[in-house]
Amino acid sequence: MDPTNRGPEEYGHDRSGDDAPPRRQSRDPLTPDFGHQTPQQSRAVQLISGDLLLTVNPVDGSEIEACRPGQRPEAPERHTAEQRAERERAAAPPVPAGPPGPQLPLLERQEDRERLVRHLGRGRSVRLTGPAGSGRTALLDAVAADCADLAPDGVVRLSGWKRTSADLLHALFEAVYRAPLHRPDREGLLALVQGIGAVVVVDDLEIGGAPLQELLDATPECAFLFGASPDVPAPTADSNLEEVVLDGLGRSASIELLQRVVERELTEVEANWAGDLWFESEGLPLRFVQAGALLRQRDDLRAGHDASDSYDDDPADPPAFGSAPSADAPLPSLGEGAAPAALLASRLSEAARETLRFAVALGGEVPHQAHLPALVGDTHADAALGELHRCGLLSPAGPRYRLAAGVMTQLEASGYGETADAHARSAAQHYTWWSGHPSVTPERAAAEADALLASLSRLVLGDQAGQASAAVLLARSAAPAFAAGMQWGSWEKALRSGQEAARIAGEVAEEAYFHHELGVLALCTGHLDRARAELEASIGMRGALADKSGAVAGRRALALVADRAGDPLPAERTLPGDESPVPRDEQASPPGGTPAVRPLFPRVTDTSAMLITHQEPLLPAKGGARLGVLRGARRNLVAVGAGALLAAVLGTVVTLGATSGGEDPEGRSVTTEQSADEDDGENGLPADEPAADPASDDGTPGDGPAAPGPSGTAGPSTSATPSPGASSPGASSGTPSSGSPTGRPTQGTPTPTKKPTKPPATTPGQTGTPTESPTETGTPTPTPSESETTTDPTTSDSASGPAETVTASTTQETTGSPTTA
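Remember, it's a predicted structure, so these values are computed and weren't measured experimentally.

**Description of the sheet that holds strand β8 (residues 182-183)**
Read across the sheet, four strands follow the order β3-β2-β1-β8 without closing on themselves; strand pairing throughout is mixed. The open sheet terminates on both sides in strands that have one partner only, identified here as β3 (63-66) and β8. Sheet topology note: the strand β1 (residues 45-49)/strand β2 (residues 52-56) ladder contains five bridges and is antiparallel. Residue pairing across strands places isoleucine 48 opposite leucine 53, the latter belonging to β2. Relative to the sheet, helix α21 (residues 508-525) contacts β1, β2 and β3, its axis offset from that of β2 by approximately 150°.

Next up, the structure:
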């Protein structure tokens, strides 16, 4: 509902007549909200670069992937003549505010003009060389107007200021073809520009040699007209470029130009002064334009002085030009005429002088007139651009203006560069807000790229506190806009300046972002080695910062680099805190290392006689400090006590075998050739009772006895922790004989009995070992052994620690193969 109208607003109920109350107007979203910041939306743009889909995300960083078949753009279409004319008007520098200046003629350039048109009409490319201020731009404009109908694609005006050959090729493609959000790769670009037939006028060219030859070879159907200064590298010898040198004006033409600027006839004194100036400046037209501005200001001062004199007689008429000077304005000196920037600026408004300070701080780049009110702090500061242009202090450079040749040096000598760092920082803060605002299109940000990059470079090179952080913010805001505007030369410059500023400021997260963007840019341009290096640096920094989403985006881009280069995929890196639980191998060592414990089983040299029984593997305990609890069955106390007694008996046998000088020289096994007697069953143990192994006081398992094998060697057996109160009997001395350890003779072939054997009863001081008893048939009959293992762990409250597995195994040996349970 409307806050001023509580009634219904449905159809047929609105109050739009004369009696309707006035409604509150909506607030402009660009108007400052008195401290309340308007929420801004992030601007993500999807571009197609060759066969890659690039998503420019100003928040988390750009993402790149292979373009799917359905996402491939259509073939670019050529602009019509009307569209080319509209683009040319939009690319022209803006008309300065204020009264228009005088229209200056092209003097003494008719012969050069006709010569250039003849070369271009024959399809020849020409290089026009002349010093700064010689009138190159005016001559190029005249020749471009004469060649409007020579080529099928018309005349294309480009700016070569700080542009490479690749930048000029893409600018030529955008001027002729219509391909929204599509930037072709190198191969596609060369295929498209080969068919362009146009007269291309490039002013302020900065390339020569091989790059210039590359531009000419890529566009065989185009005729170029280059405007360059003498310090630009010369073209190659086989470039077939016509060279035209532009000289200064003659004396008469210079004086005529001065009169056109002043818009009156010169006096004799002024004519003599102009003659001296012509000799000093070598006839450069720019110097006479500035000298005419000095004479015009002098006329304004004299008019103001005359107005002040008449103001004394008639107070109703105010002076026409500010406050009048005390005396008549003298004629400027010859030195002031040759370097007039400081004198001209001193007679301008304060907004114009502040604009000059910003231009000096930005390396000669003049901000757009729409930014001057916010930068200067004056709502009428946009008129300052017209003042500077009429004085000859500015020269056009593409869609904007720059300080004219030599003006910046003269202003710095006059003290305009003393506050350059402060003005550059103010400009950076303004451009940071402006370039990131959702109402600013990428094309507008790209048109102001030179001013943004100039302020960025000034802050990076500065040494004042906070300048590096301000540069990081500006690069972070402007770089995505340059990328979305497909000005990738400016994008790369912004990223490199931002990366250096982030390194100086110690902002690792922002430095990782710039490395990632540089890697994506290198991938789009086909420089795979550079892309790999930048992406690996970004992934390493983001891994240290635990930036999972950023590292994932970097790894995806790196995988795409590896795929394009034909390399194997890069190894997956795990970020800190991103580890997934790894299944632990039960047979592997614990993480904390294997503790030093006594072996559970004695070392057996003859492995053929080992009794193989199933055991659960030992699981490492938590932390790797203790062994896992052996799993076993639940037994009653009688079985546990009986097992402990049997373990003591078998331990005594092992001890006697180790200390005796019998057949086993190493003392690590004991021979058992006689089973327990049936008559001693009352003193023996049941065959199905488990055996136990005594443990040490600290809970460490001790050496367990070995089960008898068929060859008389001991096999491994399981161990268990005895219950509290179980004691190990002492061992008496004595060595069993080789035939019968107990001294009882055996007759016939010993065969195992069908019944389970029982070990004889033992008392302290006496030893007994199980023996084999013969059967009536004399045929070895295998007796089944009984072995039980369970998987339920048991617990015990005894001081010996956690309960361990109890495994009961009773075997009877035969002369043949062993019995395995």
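Having seen it, we continue.
**Section: the environment of cysteine 222**
Take cysteine 222: it is sitting in the loop between α6 (210-218) and β10 (223-228). In this structure the C-alpha to C-alpha distance between cysteine 222 and valine 200, which are 22 residues apart in sequence, comes to 6.8 Å. Among residues more than four places away in sequence, those in contact with cysteine 222 are Ser125, Leu172, Ile196, Ala198 and Val200.

**As for the pattern of salt bridges**
By the definition in use, this model includes 27 salt bridges. When salt bridges that share partners are traced, they join Arg163, Glu365, Arg400, Arg402 and Asp450 into one network.

**Digging into the side chain of serine 165**
Within the secondary structure, serine 165 is located in helix α4 (residues 165-176). With near-sequence residues (within four places) excluded, serine 165 lies in contact with Ile207, Pro211, Glu214 and Leu215.

**Some thoughts on the packing of helix α19 (residues 467-484) against helix α20 (residues 488-505)**
Interhelical geometry of α19 versus α20 gives an angle of 155° and a closest axis separation of 8 Å. It follows from the interaxial angle that α19 and α20 lie roughly antiparallel. Considering only the axes of α19 and α20, their crossing is left-handed. Packed against α19, whose contacting residues are Ala468, Ser469, Ala471, Val472, Ala475, Ala479, Phe482 and Ala483, the element α20 presents Trp488, Ser490, Trp491, Ala494, Leu495, Gly498, Ala501, Ala502, Ile504 and Ala505 at the interface. Residues belonging to the contact of α19 with α20 are distributed by class as follows: 15 nonpolar, three polar and no charged.

**Overview of the environment of leucine 535**
Topologically, leucine 535 is positioned in helix α22 (residues 528-544). As a C-alpha pair, leucine 535 and alanine 553 span 18 residues in sequence and 9.6 Å in three-dimensional space. Ignoring anything within four residues of it in the chain, the contact list for leucine 535 reads His515, His516, Gly519, Val520, Gly554, Ala557, Leu558 and Val561.

Here is what the cut-offs are and how they apply
- Residues numbered from 1 in each chain as written.
- Predicted model: local features only at pLDDT ≥ 70, side-chain atom pairs only at ≥ 80, totals over all residues.
- Heavy atoms only, no water.
- Pairing = 2+ DSSP bridges.
- Helix = DSSP H or I, 4+ residues; strand = E, 2+ residues; numbered from the N terminus.
- Contact = heavy atoms within 4.5 Å.
- Axes fitted to C-alpha atoms, helices over the stretch in contact; angles between N-to-C directions.
- Salt bridge = Lys/Arg side-chain N within 4 Å of Asp/Glu carboxyl O.
- Parallel < 35°, antiparallel > 145°, perpendicular 65-115°, else oblique.
- Left-handed = near helix turned anticlockwise from the far one by under 90°.
- Nonpolar A, V, L, I, M, F, W, Y, C, P; charged D, E, K, R; others polar.

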